[in-house]
Amino acid sequence: MGIFTKFRKKSPWILHYNTGGCNGCDIEILAALAPKYDIERFGMLNRGNPKQSDILLVTGPVTKRCRDVLRRLYLEMPEPKVVVAMGACAHGGGIFRDFYHVENGVDNIIPVDVWIPGCAPRVEAVIDGMVEAVKIWEKKTKEKEFMRNHSNELLEKLGARNDD
Ligand code: SF4
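Residues numbered from 1 in each chain as written. Predicted model: local features only at pLDDT ≥ 70, side-chain atom pairs only at ≥ 80, totals over all residues. Heavy atoms only, no water.

1. Focus on the packing of aromatic side chains
Two aromatic rings, taken as a pair, are described by how far apart their centres are and by the angle between their planes.
Moving on, step 1. Evaluation of the coordinates by the stated rule reveals one aromatic pair.
Moving on, step 2. Each ring, one from F96 and one from F99, has its centre 6.0 Å from the other, and the planes form 85°; the classification is edge-to-face.
Moving on, step 3. Of note, R47 hangs over the ring of W13, and the distance from its end group to the ring centre comes to 4.7 Å.
Moving on, step 4. The ring of Y74 carries the charged tip of K81 above its face, separated from the ring centre by 4.3 Å. (Phe/Tyr/Trp six-rings, centres within 6.5 Å; stacked < 30°, edge-to-face > 60°. Lys NZ or Arg CZ within 6 Å of the ring centre and 35° of its normal.)

2. Looking at the environment of M130
Moving on, step 1. If you trace the backbone, M130 turns up in helix α5 (residues 123–157).
Moving on, step 2. Through-space distance from the C-alpha of M130 to that of M86 is 10.0 Å; in sequence the pair is 44 residues apart. (Helix = DSSP H or I, 4+ residues; strand = E, 2+ residues; numbered from the N terminus.)

3. Some thoughts on the site of the ligand
Moving on, step 1. Around the ligand sit G21, C22, G24, C25, G87, A88, C89, I95, G118, C119 and A120, and that is every residue in its neighbourhood.
Moving on, step 2. Those elements that place two or more of their residues in the shell around the ligand are α2 (24–33) and α4 (88–92).
Moving on, step 3. Across the shell around the ligand, the residue classes break down as seven nonpolar, four polar and no charged. (Near = heavy atom within 4 Å. Nonpolar A, V, L, I, M, F, W, Y, C, P; charged D, E, K, R; others polar.)

4. Describing unusual backbone geometry
Moving on, step 1. With omega at -5°, the peptide bond leading from E79 into P80 counts as cis.
Moving on, step 2. For P80, the position within the fold is in the loop between α3 (64–76) and β4 (82–86).
Moving on, step 3. With an omega of -15°, the peptide bond running from C119 to A120 counts as cis.
Moving on, step 4. Along the chain, the position of A120 falls in the loop between β5 (114–116) and α5.
Moving on, step 5. Non-glycine residue N23 carries a positive phi angle of around 85°.
Moving on, step 6. Within the secondary structure layout, N23 lies in the loop between β1 (13–18) and α2.

5. Quick word on the domain arrangement of the protein chain
Bring the parts together and some accessible area is lost; that lost area is often taken as the interface size.
Moving on, step 1. In terms of domain boundaries, the protein chain breaks down into domain 1 (11–126) and domain 2 (134–164).
Moving on, step 2. Between the C-alpha centres of domain 1 and domain 2 the distance comes to 30 Å.
Moving on, step 3. Opposite the ten residues of domain 1 that make contact, domain 2 presents six residues.
Moving on, step 4. Surface buried jointly by domain 1 and domain 2 totals about 740 Å² across both partners, of which 74% is contributed by carbon and sulfur atoms.
Moving on, step 5. Looking only at domain 1, the three residues that lose the most surface to domain 2 are P12, P80 and V82, adding up to 51% of its buried area.
Moving on, step 6. Scanning the region where domain 1 abuts domain 2 turns up one salt bridge.
Moving on, step 7. Taking the shortest distance from any N to any O, the salt bridge between D113 and K140 comes out at 3.2 Å.
Moving on, step 8. For the pair domain 1 and domain 2, the interface holds four residue pairs in polar contact (both at pLDDT 80 or more). (Domains from an automatic or database assignment. Contact = heavy atoms within 4.5 Å. Buried area = accessible area lost by both parts, 1.4 Å probe. Salt bridge = Lys/Arg side-chain N within 4 Å of Asp/Glu carboxyl O. Polar contact = N/O pair within 3.5 Å; in protein donor to acceptor, adjacent residues only side chain to side chain.)

6. Considering the pairing of β4
Moving on, step 1. With five of its five residues buried, β4 lies for the most part within the structure.
Moving on, step 2. What you see with β4 is no split at all: V82, V84 and M86 on one side and V83 and A85 on the other are buried throughout.
Moving on, step 3. Here five bridges tie strand β3 (residues 55–59) to β4, and the two strands are oriented parallel to one another. If you follow I55 over to β4, its bridge partner there is V82. (Buried < 20%, exposed > 50% of the residue type's maximum accessible area, 1.4 Å probe, protein only. Pairing = 2+ DSSP bridges.)

7. Comments concerning the nonpolar core
Moving on, step 1. Grouped together as the largest cluster of nonpolar side chains are 20 residues, with contacts concentrated most on I55, L57, V84, M86 and M130.
Moving on, step 2. Of all the secondary structure elements, the ones that give two or more residues to this core are α2, β3, β4, β5 and α5.
Moving on, step 3. If near-sequence neighbours (up to four positions away) are discounted, I55 is found in contact with P12, W13, I14, L15, M77, V82, V84, M130, A133 and V134.
Moving on, step 4. Y17, C66, V83 and I110 belong to the second largest nonpolar core, which has 17 residues in total. (Core = buried A, V, L, I, M, F, W, Y, C linked by side-chain atoms within 4.5 Å.)

So, in structure tokens, the structure goes:
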């Protein structure tokens with residue numbers, strides 16, 4: 001296991017992006033970060049840089065103005081990465097569904113791994129969703145490690161390896 005992977009496994013970093021919601025979901029995220037719930041005890045850190053983040057936490061309906069930014073943030077994150085869509089708006093637009101300025105749910109723009117239901121979701125639901133996201137992220141990390149360590153072996157077995 002690479003040393004960076006070993007450390008990353010202990011502490012996934014989170015990138016939070018509001019694509020145009022009412023901030024109700026964001027207040028619940030702040031509550032999860034506050035000492036009472038202290039989500040950092042699971043090793044998660046809220047970071048503002050996509051290139052250093054492992055989990056993308058999206059709130060709000062995807063407005064047309066935020067669509068390209070969301071896609072770019074997702075593409076800038078290193079693999080493996082996990083996307084969490086939080087709240088009714090992120091699911092399918094919620095109360096903003098089919099408004100002239102929204103693209104509705106997050107999965108219309110990027111793939112979503114975990115859904116956190118509610119409007120706004122309770123802090124317990126946020127923590128539950130993020131713990132699920134970490135599990136998925138760890139699984140993806142193991143798969144990536146396996147593929148990196150065994151890719152040549154697999155290619156040889158398939159007769160597809162070419163060292164020329
Ligand atoms: S799900 Fe509810 S609380 Fe969250 S952004 Fe939408 S309207 Fe606001």
